[in-house]
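Letter by letter, the chains look like this.
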Amino acid sequence: MTDKDEPLQQHQHQQHQKPDVHHSFLSRHVPAQYSNTRKLCYRHRPDLTRKRMPDSFNFEDVQRQMESLPTPDRAAISRIWSLFSAAPADQRTLILKGLLSTCCMPQLSFLYDEIKPLLRIDFSSILPREVALRIFSFLDAKSLCHAAQVSQSWRSLADDDQLWHRMCEQHIDKKCTKCGWGLPLLDKGRRKRSPDQALLTAPPATIAAEEDDKNTNSPLRTACGPGALAAAGADQDDLHRTKRVKMDNNSTTVESFEGGPYPATNTEVVPVRTRRPWKEVYSERLVVERNWRRNKYNVRVLRGHTDGVMCVQFCDANNILITGSYDKTVKVWSLDTGETIRTLEGHTRCVRALQFDNAKLVTGSMDHTLKIWDWHAGRCIRTLEGHTGGVLSLHFDSKLLASGSTDMTIRVWDFQRGECCTLMGHTEWVNSVRICSQDNLLVSGSDDSTIRLWDLQTRSCVKVFNGHVGQVQIALPSPRGFKHRFNGELIDHTNNNNNHVSSNSNNTASPQPMNLTNFQPACATEDRTSATRRHHRQLQQSSSDDCSTQGALSDTPIILSGSLDNTLKFWTFDGVCLRTLFGHVEGVWSIAFDSLRIVSGSHDRTVRVWDLENGHCMHALEGHSGPVTAVAMSDTKIISASEDSEVRIWDFSANQ
């Protein structure tokens, strides 16, 4: 053998040794890697492959390209893949570094485009369900809906009932502290209540439970509340009246009368229903809230009265609407059909005020009397006499009935004791009375431009509210448990559209209003601890962000009043004016409000919808051809009455 043959023999020897080296490398690393699947990465674990979505990398294209290559080339490439697959993690990294050093720009660009989607990890497939749900809990409602469209596993997480329960808890019957959105309660009186129970109760303190839930301890606000009682104003029969003589503020008289309250009927028992998914509950209420925001409604007009309609109240649970008119009649309507069910006749002059519950109806008239009716049968049960002038307003709870009159007095009828007391102090007509049962107080508004707060135990006036420069037509105290963000400081808002808020102080202006039409809810649910921390941060910084809150939620009682000076005012029970709403160009006759918004009716023939929290006018509803004398509202509709003899139903419900 010559020296020239030695290099050839060495090369042949190396070729014979390569398969042994490859086999040794594979046998050394492959068994260790595949003996325990837990050591496999996220991408190659068989148990995770079944759960997650497939890679965006299309290996079928690679196989087709391999088939187009010659057999030796395919074998060489397969060998390279096998060696890389068998290499441990540190050696894989070393191999890749070497490959990257030899790559040209086209290859590097290819790697950049291909690697980015492969690095995405479906956390829901590798984390415990509890951890994944915790991550999903930081998403807003819109993001949860998008997540439900990713895959079946994501849908099971995004549709979790507990997540949507927290979302409902954060939004229903209250305003979210992060996005400023609140959703209506839509209770509709599904929990039947005793007829002698107070008609307007508090909204839930923490959550407005879904419509079929009967296990909550918080009282639910229903549409059977007293609504907007008669917005008083000068009676047409006594338009040119003479001024009465002032009476002593502290003088009271007590009279007795026979008989007790009208007996209550048996309370119906509502059968237990299957609870609906919370996502469905949220979606239903979101549609209604969007209708409110976008001013999207259907209008129905009820005609039947032959003269102006002065008072209105309705009950969504029973689909009943009752109105009183200058034509001396009271009409009971069906909300479903819009037809008159019956007409109650008995008063000899116009009916200015009414209130009803499941058992009885009480009406007040300019004929100086109040009448108690069985509105189901259409018969008068009893007539209360005592006022020396027309009855302009009334309100009752389970024990007491209060009435205000043109004789400038307030009479409080105590059915349990069988007596009547007279409260004197106003120097003009008493247009509004409202009993605060929990505090044994009464709020009244008068043509003398004042609001008075009365103690029913001592039968004396404890506070006089001065601030309106026109006759006060309506004064409504907030119900028990009512939540608001008035922190006791005077608030000053301005708006260049003349729908603004001012106050009696020189405080700095509050943030500008949000764009209610284009704004979409985008807030994450949060636990109480994080919510508390967030709230403290908001209190420490004065931010102009639209979603910032003006203070902590408070249940301190407030009073909302409307006057012929074209304004609405918020008051504390201490007589401090918190806020004044401007927007109407003529006097305000009637108002109604809930936890999200205010509705007002005016002599300018419009009904305005206001945002309760920031005080800005959202919409002005037009259609009446006469002054709007009374308004009532629920979560889905506004009902307004006018001197044009019409009753209009503005329906914002989802199934309109």
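Thresholds applied
- Residues numbered from 1 in each chain as written.
- Predicted model: local features only at pLDDT ≥ 70, side-chain atom pairs only at ≥ 80, totals over all residues.
- Heavy atoms only, no water.
- Helix = DSSP H or I, 4+ residues; strand = E, 2+ residues; numbered from the N terminus.
- Buried < 20%, exposed > 50% of the residue type's maximum accessible area, 1.4 Å probe, protein only.
- Contact = heavy atoms within 4.5 Å.
- Areas by Shrake-Rupley, 256 points an atom, 1.4 Å probe, with all protein chains shown as cover.
- Pairing = 2+ DSSP bridges.
- Axes fitted to C-alpha atoms, helices over the stretch in contact; angles between N-to-C directions.
- UniProt positions renumbered as here; feature names shortened; annotations may be inferred.
- Salt bridge = Lys/Arg side-chain N within 4 Å of Asp/Glu carboxyl O.
- Parallel < 35°, antiparallel > 145°, perpendicular 65-115°, else oblique.
- Nonpolar A, V, L, I, M, F, W, Y, C, P; charged D, E, K, R; others polar.
- Patch = residues over 30% accessible without salt bridge, like charges linked within 9 Å, V, L, I, M, F, W, Y side chains within 5 Å.

With an unreviewed UniProt entry as reference, the protein chain is termed Quinon protein alcohol dehydrogenase-like superfamily, source organism Phascolomyces articulosus.

Student: Is there a simple way to explain the overall build of the protein chain in this structure?
Tutor: Within the protein chain, the secondary structure is distributed over 13 helices and 30 strands. By residue count, 50% of the 656 residues in the protein chain fall in the buried class. Once local pairs closer than 6 in sequence are excluded, the contacts in the protein chain between residues at least 24 apart make up 59%. With an accessible surface of roughly 31,700 Å², the protein chain has 50% of that area assigned to carbon and sulfur atoms.

Student: Honestly, the pairing of strand 16 (residues 441–446) in this entry has me stumped. Any pointers?
Tutor: Side-chain positions along a regular strand alternate between the two faces of the sheet. Counted residue by residue, strand 16 has 6 buried out of 6 residues, so it is predominantly covered. Neither face of strand 16 is open: one carries Leu-441, Val-443 and Gly-445, the other Leu-442, Ser-444 and Ser-446, and all of them are buried. Across 6 bridges, the pairing between strand 15 (residues 430–436) and strand 16 is antiparallel. When the bridges of strand 16 are listed, Ile-435 appears paired with Leu-442. Pairing between strand 16 and strand 17 (residues 450–455): 5 bridges, direction antiparallel. In the sheet register, Leu-441 faces strand 17, and the bridge partner there is Asp-455. Hairpin connection of strand 16 to strand 17: 3 residues between the antiparallel strands, including Ser-449 at a positive phi of 70°.

Student: Hey, could you run me through the sheet that holds strand 3 (residues 309–315) in this one?
Tutor: Note on sheets: strands pair through backbone hydrogen bonds, and any given pair is parallel or antiparallel. With respect to topology, 4 strands assemble into an open sheet ordered 3-4-5-6, the strand pairing being antiparallel. Each edge of the open sheet carries a strand with a single partner, namely strand 3 and strand 6 (340–345). Across the sheet, the mean angle from the axis of one strand to that of its neighbour is 15°, orientation sign disregarded. In this sheet, strand 4 (residues 320–325) lies alongside strand 3 in antiparallel orientation, the contact comprising 6 bridges. Its bridge partner lying in strand 4, Val-309 is registered against Ser-325.

Student: Help me out: how do you make sense of the UniProt feature "repeat: WD" (unreviewed entry) in the protein chain in this one?
Tutor: Here, UniProt's "repeat: WD" (unreviewed entry) annotation points to residues 302–343, 344–383, 384–423, 423–464, 581–620 and 621–656. When the span residues 384–423 is considered, its composition is 0% helix and 62% strand, and the gap between its end C-alpha atoms is 17 Å. Measuring from the first to the last C-alpha atom of residues 581–620 gives 14 Å, for a span that is 0% helix and 57% strand.

Student: I tried to follow the pattern of salt bridges on my own but got confused; where do I start?
Tutor: Think of it this way: side chains of opposite charge can pair up when their charged atoms draw near. Applying the stated criterion across every chain yields a total of 15 salt bridges. The residue Asp-160 makes a salt bridge to Arg-129 at a minimum N-O spacing of 3.6 Å. Of this pair, Asp-160 sits in the loop between helix 10 (152–158) and helix 11 (161–171) while Arg-129 sits in helix 8 (residues 129–136), and the two are 31 residues apart along the sequence. Arg-155 serves as the salt-bridge partner of Asp-159, at 3.6 Å between the closest nitrogen and oxygen. Beyond isolated ion pairs, a larger network of salt bridges with shared partners links Arg-276, Glu-280, Glu-284 and Arg-285.

Student: So what exactly am I meant to see when it comes to the packing of helix 3 (residues 59–67) against helix 4 (residues 71–86) here?
Tutor: When two helices pack together, their arrangement is given by the angle between the helix axes and by the axis-to-axis distance. Between helix 3 and helix 4, whose axes approach to 10 Å, the crossing angle comes to 140°. What the angle tells us is that helix 3 and helix 4 run oblique. Between helix 3, through Phe-59, Val-62, Met-66 and Glu-67, and helix 4, the contact on the second element is made entirely by Arg-74, Ile-77, Ser-78 and Trp-81. Here the residues of the contact of helix 3 with helix 4 are counted per class, giving 5 nonpolar, 1 polar and 2 charged.

Student: Just to check I follow, could you spell out a nonpolar patch on the surface for this structure?
Tutor: Together, Ile-121, Ile-126, Leu-127, Val-131 and Ile-135 make up an exposed nonpolar region whose accessible area comes to about 380 Å². With respect to the element layout, Leu-127 can be found in the loop between helix 7 (123–126) and helix 8. Residue class for Leu-127 comes out partly exposed when judged on its relative accessible area of 32%.

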